[in-house]
Amino acid sequence: MIDVPIPQQLQDSWLSDLTLVADISACKATLLAWNAMGELGLMLSTTSAAANEIQAIITQLNTNNAAKVHPFATGYRVIPQPTLSSITHAAKERPIASSAPEPFLQPHDIDSASSTFNDHQLVTSLSQPQLMDPVQGSPLITDTQQHPDWSTCACVGSLICLPLAWPSGASFGVLCFYHAKPQGLKPQALQLAKLVSDSIQRQLAEILSQYRAAEAQSRGLSSDPELVDLQTFIDSFEEHIWMKNPEGVYTICNRSIEKAWKMSRSQIVGKTDADLFGEDIADIFLEGDKLAIDSGAPIIVDECSECAETETHSWLETLKIPVLKAEGQLAGVIGMTRNISKHKAVEEQLTLATNVFKNSVEGVVVTDKHGNITDVNGAFYEITGYTREELLGQNPRIFSSGRHDKYFFDKLWDDLLASGKWNGEIWNRRKNGTIFPQNITISTIYDEMGNVRYFMGVFADISAQKQSEAQLAHLAYFDPLTHLPNRLKLMMQLNQEICQAKRLNFQLATVIIDVDLFKHINDSFGHSIGDEILVELAKRLRSQVGDHDVLARIGGDEFVALISGITTSEEASVAINHLRQAFEQPFVVSTGDHLRLTASMGVSLYPGDGVDEDTLLRNADAAMYRAKNDGRNNYAFYTESLTQQSFEHLKLQSALYGAIEQDALYLMYQPKLDLVTRKTVGFEALLRWNDPQLGQISPAVFIPVAEKIGLIHDIGLWVLATACRQGVSWLAEGKHFGRIAVNVAGPQLQRSSFVDDVKRVLAETGLPAKHLELEVTESVMMQNPDMAIRDLKLLGDLGIELSVDDFGTGYSSLNYLKKLPIHKLKIDQSLVRDIPFDTNNTAIAKAVIALGHALKLEIIAEGVETQAQADFLQQNQCDQAQGYLFSRPQLAKDLTAFL
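In this text the structure is predicted, and so the values were computed from the model without any measurement.

### Some details on the sheet that holds strand 4 (residues 140-141)
Reasoning step 1: One open sheet accounts for 5 strands, arranged 2-1-6-5-4; its pairing is antiparallel. Strands at the two margins of the open sheet, each flanked by one partner only, are strand 2 (40-45) and strand 4.
Reasoning step 2: Examined bridge by bridge, strand 4 and strand 5 (residues 158-165) share 2 bridges and lie antiparallel to one another. Residue pairing across strands places Leu140 opposite Ile160, the latter belonging to strand 5.

### Quick look at empty space enclosed by the protein
Reasoning step 1: In the structure shown here, the tally under the stated rule is 2 cavities of 30 Å³ or more.
Reasoning step 2: Its boundaries defined by the atoms lining it, the second largest cavity holds a volume of some 30 Å³.
Reasoning step 3: If you trace the second largest cavity, you find it lined by Gly716, Leu720, Val742, Asn743, Val744, Gln748, Phe754 and Leu774.
Reasoning step 4: Broken down by element, the residue count for the lining of the second largest cavity peaks at 3 residues, all from strand 27 (residues 739-744).
Reasoning step 5: Residues belonging to the lining of the second largest cavity are distributed by class as follows: 5 nonpolar, 3 polar and no charged.

### Side note on the confidence of the model for the chain
Reasoning step 1: For the chain, the average pLDDT comes to 83, and 86% of its residues sit at 70 or higher.
Reasoning step 2: Counting contacts from residues 66-136, a segment whose pLDDT is below 50, to residues more than four positions away or on other chains yields 167 contacts.
Reasoning step 3: Segment residues 306-311 is flagged for pLDDT under 50; beyond a separation of four residues in sequence, or across chains, it makes 6 contacts in the model.

### Describing a nonpolar patch on the surface
Reasoning step 1: A contiguous nonpolar patch, built from Leu230, Phe233 and Phe237 and spanning about 290 Å² of accessible area, is present on the exposed surface.
Reasoning step 2: On the secondary structure map, Phe233 appears in helix 7 (residues 230-235).

### As for the pattern of salt bridges
Reasoning step 1: Per the counting criterion, the structure on display carries 32 salt bridges.
Reasoning step 2: The salt bridge partner of Arg739 is Glu801, with a shortest N-O separation of 3.7 Å. With Arg739 in strand 27 and Glu801 in strand 29 (residues 801-807), this pair connects stretches of sequence that are 62 residues apart.
Reasoning step 3: Look at Arg739 and you get buried, because its relative accessible area is 17%.
Reasoning step 4: Of the charged contacts in the structure, one is a salt bridge between Lys826 and Glu775, with a shortest N-O distance of 2.8 Å.

### A few points about the environment of Leu711
Reasoning step 1: Turning to its location among the elements, Leu711 is positioned in the loop between helix 23 (699-709) and helix 24 (712-732).
Reasoning step 2: Using a relative accessible area of 12% as the deciding quantity, one classes Leu711 as buried.
Reasoning step 3: With 54 residues separating them in the primary sequence, Leu711 and Tyr657 have C-alpha atoms 7.5 Å apart.
Reasoning step 4: In contact with Leu711, other than residues within four places in its own chain, are Leu656, Tyr657 and Ala706.

### A word on helix 1 (residues 8-25)
Reasoning step 1: Along its 18 residues, helix 1 runs 26 Å from first to last C-alpha, staying within 8% of the 26 Å computed at 1.5 Å per residue.
Reasoning step 2: Among the residues making up helix 1, those that are buried are Leu10, Gln11, Trp14, Leu18, Val21, Ala22 and Ser25. With its buried residues spanning 110° around the axis, helix 1 presents them on a single face. Relative to its buried face, helix 1 has exposed residues pointing more than 90 degrees away, namely Gln9, Leu20, Asp23 and Ile24.

### Concerning the pairing of strand 12 (residues 363-368)
Reasoning step 1: Summarising the sheet, strand 12 and strand 16 (residues 452-461) pair through 6 bridges and their orientation is antiparallel. Residue Val366 lies in a different strand from strand 16, and its bridge partner there is Met456.
Reasoning step 2: Relative to strand 13 (residues 373-376), strand 12 is paired through 3 bridges, and the arrangement is antiparallel. When the bridges of strand 13 are listed, Val366 appears paired with Asp375.

### With respect to the packing of aromatic side chains
Reasoning step 1: Taken as a whole and assessed by the stated rule, the structure comprises 18 aromatic pairs.
Reasoning step 2: Seen in terms of ring centroids, Tyr635 and Phe637 are 6.0 Å apart; in terms of plane orientation they differ by 75°. Their pairing is edge-to-face.
Reasoning step 3: Judged by relative accessible area, which is 21%, Tyr635 ranks as partly exposed.
Reasoning step 4: Taking 5.3 Å as the distance between ring centres and 45° as the angle between the ring planes, the aromatic pair formed by Phe683 and Trp730 counts as tilted. With Phe683 in strand 25 (residues 680-691) and Trp730 in helix 24, the pair connects residues that are 47 residues apart, well separated along the chain.
Reasoning step 5: For Trp730, a relative accessible area of 2% translates into the label buried.
Reasoning step 6: By the ring-pair criterion, three or more aromatic residues cluster together here, those being Trp242, Tyr250, Trp261, Phe277 and Phe285.

Conventions and cut-offs
- Residues numbered from 1 in each chain as written.
- Predicted model: local features only at pLDDT ≥ 70, side-chain atom pairs only at ≥ 80, totals over all residues.
- Heavy atoms only, no water.
- Pairing = 2+ DSSP bridges.
- Helix = DSSP H or I, 4+ residues; strand = E, 2+ residues; numbered from the N terminus.
- 1 Å grid on protein atoms, 1.4 Å probe; cavity = no way out; pocket = protein on both sides within 12 Å on 5 of 7 lines; lining within 4 Å.
- Points joined across faces, edges and corners; volume = space filled by probe spheres on them.
- Nonpolar A, V, L, I, M, F, W, Y, C, P; charged D, E, K, R; others polar.
- pLDDT = per-residue confidence, 0-100.
- Contact = heavy atoms within 4.5 Å.
- Patch = residues over 30% accessible without salt bridge, like charges linked within 9 Å, V, L, I, M, F, W, Y side chains within 5 Å.
- Areas by Shrake-Rupley, 256 points an atom, 1.4 Å probe, with all protein chains shown as cover.
- Salt bridge = Lys/Arg side-chain N within 4 Å of Asp/Glu carboxyl O.
- Buried < 20%, exposed > 50% of the residue type's maximum accessible area, 1.4 Å probe, protein only.
- Expected span 1.5 Å × (residues − 1).
- Arc of directions from axis to C-beta.
- Phe/Tyr/Trp six-rings, centres within 6.5 Å; stacked < 30°, edge-to-face > 60°.

This is the structure in structure tokens:
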């Protein structure tokens with residue numbers, strides 16, 4: 001690595017260039033620089049570049065910097081150099097982690113290596129330069145998801161990656177311009193980026209030249225005739241020393257090289273590695289040269305060589321160093337090799353000693369044929385607590401824990417004498433009296449005559465293993481938060497409870513407890529407070545069940561209680577009321593808040609509601625959901641009708657997924673009439689479903705299901721497109737129909753893309769917006785009134801008419817109602833049904849009409865079935881009406897009389 005200070009003024013200039021190109025190309029930019037550990041770090045970035053984006057690019061580039069092991073590789077390390085002194089304040093805030101060099105690998109077989117080859121270095125991997133390989137050929141990546149090296153970098157859609165290098169070729173860093181979206185960068189941006197890259201590299205050359213000149217002057221370098229010449233100097237070394245120029249031609253070597261390579265200096269100087277050793281070996285040597293040049297740092301390589309003459313192994317260490325001229329240009333590569341066999345021998349001895357020490361962590365004891373201890377190793381008395389002197393001459397029975405009977409030891413000795421070996425688990429006692437488990441192998445050692453001479457025992461203290469097994473068992477079967485049994489443990493206990501209930505002829509109650517609206521606690525107070533409540537709730541519930549009952553936590557806020565030993569459902573009700581008492585007092589959390597909770601509980605009884613674990617849990621779950629549907633804070637017993645209801649719901653849900661593709665959905669249209677002229681002013685499109693297997697299904701049944709399973713958006717768009725195409729067809733036939741009204745479901749309006757979806761449908765079908773009306777219920781608009789106001793205004797600006805459906809049945813805010821960009825109020829049929837005879841409904845209808853007219857809205861009544869209703873509405877100035885009095889919903893082909 002080349003460490004030259006980058007002046008702050010120059011950094012500011014680079015940042016200005018980056019910002020200019022980024023602004024012109026509407027992108028973001030960053031300059032990354034190599035540190036001493038061979039990792040990229042931030043040097044400069046434009047203000048628009050986010051920290052997570054920069055980190056993602058750095059991570060991706062460092063990930064691409066993977067080692068590629070050469071088949072003859074042994075290992076290398078880069079000698080650490082000082083880090084760049086030019087890292088900006090942004091980089092200083094994120095220190096770059098350092099790590100020790102990778103350990104050298106042991107050598108593999110080198111079948112084809114010659115003695116000359118063995119005297120040279122082998123390179124195991126390349127670092128910084130390899131990183132640039134994927135981007136040098138195509139620095140502009142228009143879509144990262146289509147690029148094999150960038151597909152995992154999700155926050156970057158397109159980028160330009162340009163490597164920056166010092167004059168010697170050593171890598172300085174990477175220049176990146178990027179955009180969050182694919183296709184965000186164009187070739188013009190690449191041209192500008194290359195101009196900046198070229199400028200930076202020219203300036204790097206200038207500051208390096210200036211730095212080298214100043215360095216030479218400070219060192220007082222000059223030519224002195226009294227100095228020893230270079231050749232004489234390097235010939236005095238026993239190490240092999242040589243130098244190659246940038247073209248790979250040897251320019252100098254010492255006498256040790258001539259002896260080792262069995263060549264004269266004249267045969268070496270002026271030649272390349274290919275001339276001397278052939279192409280295959282030359283490629284390996286040149287790869288090491290390139291690594292030293294590109295890294296800008298010394299590279300050390302260990303190699304095991306085989307010398308056929310002596311049949312011994314020698315270890316050589318080769319150091320390669322890039323040499324730069326005063327102006328920073330590459331002058332060549334210096335190599336030096338020395339024999340480090342003695343160091344390797346010491347290293348192997350240390351490795352052997354380490355392995356011996358590692359193996360000695362197991363206790364070893366040797367006894368004579370009578371069982372008296374003759375020797376122990378250090379680990380033995382460390383584990384047992386006895387000193388070696390205390391153990392010699394003793395019998396191992398001093399370790400007896402009392403856990404094993406006479407039969408156990410008799411069988412141990414029988415097996416040992418019969419086979420010569422015994423392995424098993426024994427619990428022994430330490431000197432301090434504590435009992436511990438050990439896994440021991442006892443072997444018989446015989447003399448030359450086959451007589452027993454010694455017994456040797458090798459054991460490992462498995463206390464930690466036993467403790468870990470207990471902890472793993474607890475993790476596998478118990479909830480880590482409440483320490484109650486989890487679902488897996490519950491199923492095992494439920495099976496046992498069923499067997500016991502069957503044997504004793506008792507009933508067993510399975511109660512699922514689900515905390516009502518617990519998500520609101522997590523959303524409002526945070527998950528830590530939610531966890532506090534769950535822990536406290538577990539304690540309360542545990543105190544409400546009997547000692548022989550089971551309480552488990554099977555989900556986030558779901559608990560299960562198994563109440564055993566009951567004979568009637570009344571006893572189950574008493575037990576459930578005890579469980580409900582856990583919710584009577586408020587939960588006081590660490591914030592000081594007092595929170596009140598309720599729960600919905602479902603109960604299934606063995607054997608009436610099921611005879612196995614899965615059935616009982618499933619039926620209790622169904623009962624719990626019925627309790628929720630009945631208003632929460634309640635409990636319900638399972639009945640067979642719940643299962644049938646769930647089954648029918650599942651069939652309906654499955655059929656609904658294919659309704660559009662099977663053309664099972666269709667529209668009917670109900671006319672809307674002016675109450676004064678009785679002329680048609682529009683039609684309401686009404687969705688119908690006729691399933692091939694299930695038959696005709698009411699919208700009141702399948703629309704809620706579609707909303708629940710997430711199909712309502714697709715179905716709603718189908719209704720809108722179908723109604724628009726019908727309107728286009730009528731217009732083509734010259735028929736006047738006013739507007740077609742389409743109902744909008746709540747989940748549709750809540751989607752951020754709804755307005756764009758409506759625009760797209762109008763564009764695709766060709767229906768003018770003035771012929772479309774959208775009906776939205778007041779309850780939907782009140783869920784997020786600000787968003788509703790925004791989106792409805794956008795739709796109204798298109799020319800679409802907007803109606804509030806089912807008005808009078810929800811909880812509208814008049815403050816928001818006056819802000820909504822709507823054109824009509826639709827009186828719900830529940831208010832129309834009993835007028836003019838129901839005084840309450842007539843009063844509400846009059847009030848709605850007056851309110852609508854005061855807000856300059858048209859009023860339409862739905863569900864008009866009698867002439868009396870029509871007359872009342874007309875007398876009270878209601879503008880429009882629809883209902884069976886005028887026409888039932890009909891297919892489009894049957895509406896000729898109204899067009």
